Amino acid sequence: MLIELKSVNKYYQNGAQNFHVLRDINLAIDRGEFLSIMGPSGAGKTSLINLIGFIDRQYKGEYLFNGDSYQKASDNTLARIRNRSVGFVFQNFKLIGNNTILENVELPLLYGGMTKRAAKPVVEQALIRVGLSNSSQKIPSELSGGQQQRVAIARALVHQPKFIIADEPTGALDTKTSAEIMQIFRDLNRNEGATIVLVTHDPQVSLYGDRLIKILDGAITADEEVTQHALL
Amino acid sequence: MRFSEIWTTALRSILKNKRRSILTMLGIIIGIAAVVTILAIGDGFSNWVTKSITSNKSGKVETQIVYMPNDTANTSAQPFNERDLTLVRQVKGIARVKQSSSDSDYAQLTLPVKNKTKSVLVHYTKGKSSKVIAGRRLTAMDNEIGNQVAVIDASLAKSLFGGTTNALHHGITIDDQLYEIVGVRSSVASSVNFTDAMSGQIPTNITIPRKVHQYYTRSERTGDLLTLSLTKGAKASHVNKQVLHILKTQGSMRSQGEYQSNDPTAQADTFGKVLNAITYFVSAVAGISLFIAGIGVMNMMYISVAERTTEIGIRRAMGARQQDIRLQFLLESATLTILGGFIGYGLGVLLALGVSALPVMPFKASFSFGGFALAFGVSTAVGLVFGVMPANAASRKDLIEIIR
Ligand SMILES: Nc1ncnc2c1ncn2[C@@H]1O[C@H](COP(=O)(O)OP(=O)(O)OP(=O)(O)O)[C@@H](O)[C@H]1O
Ligand SMILES: [Mg+2]
């Protein structure tokens, strides 16, 4: 198993109140899976994937990644594992506005120890893969929302992570652009065997994956195969 | 991330915020420029001083030690014997010791005038005396052949002989020797004029040939003057002090007289002290300017950290370690101040050149590597010291809080 959560519980401390955001989560994700997570707003989806993506380690229970727990690992170890193993696509793109597309996408490579010179062709390749050739010198504000999300996806896959986490990647996009973006994810999964964990509100979007889990009030209420795939 | 890539990132983010960066750099620029200017002028000054006090034949700094006997009558003993000279030679910083005789060109003597004693100023001249109103001047020839002749001033002539022309060809006793009065000059005011004194032309009551005077007084002052040639870098005042100390405690004639020193660098030293005071003042102002500039840098870095919280979160999510973030912001603030330091150095050089181009300045500013290193070091230090806290704040931001 690539990812294994066993009886994971998470609480947010709000002053004197303890908010129970994840309730007894048991979840196993294998290499090459395309998993969609659905649930109403406030259900705890972002909390769950932050935990999986090594951004958050304030939880109870066990999270094994490749069989190892990183709950007590040092900050440097976590930074390294984020850099080597995780590709993030955030809900609102989260590109560095002052930097060019090239500078944004090369970040995981540079933090992995590559030089700018060595990173450049790899970045160009990733941009071609998401259909954005010839825009590496632009800055994010010169691009449309759909194009910015493509940049974010390029950044998430450029360093060939073990898995990609995407938090509502189509939340801010229209239906047509959403479909194009989802197509990229599906190609990544089908053609290159990338493991993808994708959060969405949109039932239509969830049909691109192979497996769907539903979350309500911090607990998993359903975990099923997606049989009726979205129309290609 | 590699150091060079972090630095590139830092430099780019400074250049992206040009106006704010320049405003923040202003204090550094002013502070560094002030320090560089005053250093260059100070160095130029001390070069000039060294050159002007070493402009004797040997090209070395020389100082003098003179022995003054308490009782001028007792002149049997030598002022300095071999042992004294050996002792002096052993003092560190002395290259050569030359023994000679002091004899001042001027002396204050007392003369009996109408049953009273009168104090008169005597000049022992090698050449011409100043203009006379009666008789003739002294000439270089008088000195060469040792004519026992004198020129006195009108008021002295009047009180001694009742008139200017009456005085001519009378005798006058100076230092127990009789001189013939051959000329009378105009009256000498009792107070000595400063500018005359500086140009070496002090009007005196009596002028006599120097050689004649030396001939009679030789025994008194033979060998009472030591001229010390200093090694390069030795400080005259310091050497003098040591030599005086040795002579006062071990000198052969310490009980019969006093040893005194004459430091040719003393005047330059007082001038240098004034310059030093100015240097300290400018440095203090520059220091305050740099401190305030540092606070400005810190403020700007805090603002920058706050503005770029999302960027920090993104970088952390992409695998930046805490130390990568800290280094990025630290390099950003150091690069900013180093840039300011370079600009300030350039400005300081221009200012110093401008100042030394002024017609009143007798010397040129001098630029040393030390000045450059100081500018570079100080600006780097300001950037690092005042950048540490914002950089730490940036690196300690909680990833969960900023990625939401
Ligand atoms: N740092 C926090 N401190 C306190 N409460 C929090 C914190 N983060 C999230 N919560 C709360 O936890 C709950 C779950 O939040 P989460 O962001 O995981 O929901 P979500 O399923 O991603 O919702 P959405 O679909 O709107 O993004 C919410 O009620 C939220 O208010
Ligand atoms: Mg969310």
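This text gives an overview of the structure that appears in the document. Since the model is a prediction, treat every value here as computed from it, not as a measurement. (Residues numbered from 1 in each chain as written. Chains lettered and ligands numbered in written order. Predicted model: local features only at pLDDT ≥ 70, side-chain atom pairs only at ≥ 80, totals over all residues. Heavy atoms only, no water.)

To continue, consider the overall build of chain B. A count of helices and strands for chain B gives 14 helices and 11 strands. In chain B, which comprises 404 residues, the proportion classed as buried is 44%. For chain B, contacts bridging at least 24 residues in sequence account for 76% of all contacts bridging at least 6. In the structure as shown, chain B presents an accessible area of about 21,400 Å², 59% of it carried by carbon and sulfur atoms. (Helix = DSSP H or I, 4+ residues; strand = E, 2+ residues; numbered from the N terminus. Buried < 20%, exposed > 50% of the residue type's maximum accessible area, 1.4 Å probe, protein only. Contact = heavy atoms within 4.5 Å. Areas by Shrake-Rupley, 256 points an atom, 1.4 Å probe, with all protein chains shown as cover.)

When we look at burial in helix H5 (residues 154–161) of chain B, the residues that qualify are Ala154(B), Leu156(B), Ala157(B) and Ser159(B). After H5(B) finishes, the residue Gly162(B) shows a positive phi value of roughly 85 degrees.

As a further point, take the site of ligand 1. By nearness alone, 14 residues border ligand 1, and Ser41(A), Lys45(A), Thr46(A), Ser47(A) and Arg404(B) come closest of all. Residues within reach of ligand 1 are spread across chains A and B. Note that an oxygen atom of ligand 1 is positioned 2.6 Å from one of the side-chain N or O atoms of Thr46(A). Side-chain polar atom of Glu168(A) to an oxygen atom of ligand 1: 3.3 Å apart, as the coordinates give it. Its free accessible area being 640 Å², ligand 1 has 74% of it covered by the protein chains. The greatest single-element share of the shell around ligand 1, amounting to 3 residues, is contributed by helix H1 (residues 45–52) of chain A. Class assignment for the residues of the shell around ligand 1 results in 4 nonpolar, 7 polar and 3 charged. (Near = heavy atom within 4 Å. Polar contact = N/O pair within 3.5 Å; in protein donor to acceptor, adjacent residues only side chain to side chain. Nonpolar A, V, L, I, M, F, W, Y, C, P; charged D, E, K, R; others polar.)

Before going further, it helps to spend a moment on the packing of helix H6 (residues 145–157) of chain A against helix H7 (residues 175–192) of chain A. All names here are of chain A. At their nearest, the axes of H6 and H7 sit 10 Å apart, and the two run at 15 degrees to each other. Our classification of the angle between H6 and H7 gives roughly parallel. As for how H6 packs across H7, the hand of that crossing is right-handed. Judged by residue contacts, Gly146, Gln149, Arg150, Ile153 and Leu157 of H6 engage Thr177, Glu180, Ile181, Ile184, Phe185 and Leu188 from H7. For the contact of H6 with H7, the residue count by class is 6 nonpolar, 3 polar and 2 charged. (Axes fitted to C-alpha atoms, helices over the stretch in contact; angles between N-to-C directions. Parallel < 35°, antiparallel > 145°, perpendicular 65-115°, else oblique. Left-handed = near helix turned anticlockwise from the far one by under 90°.)

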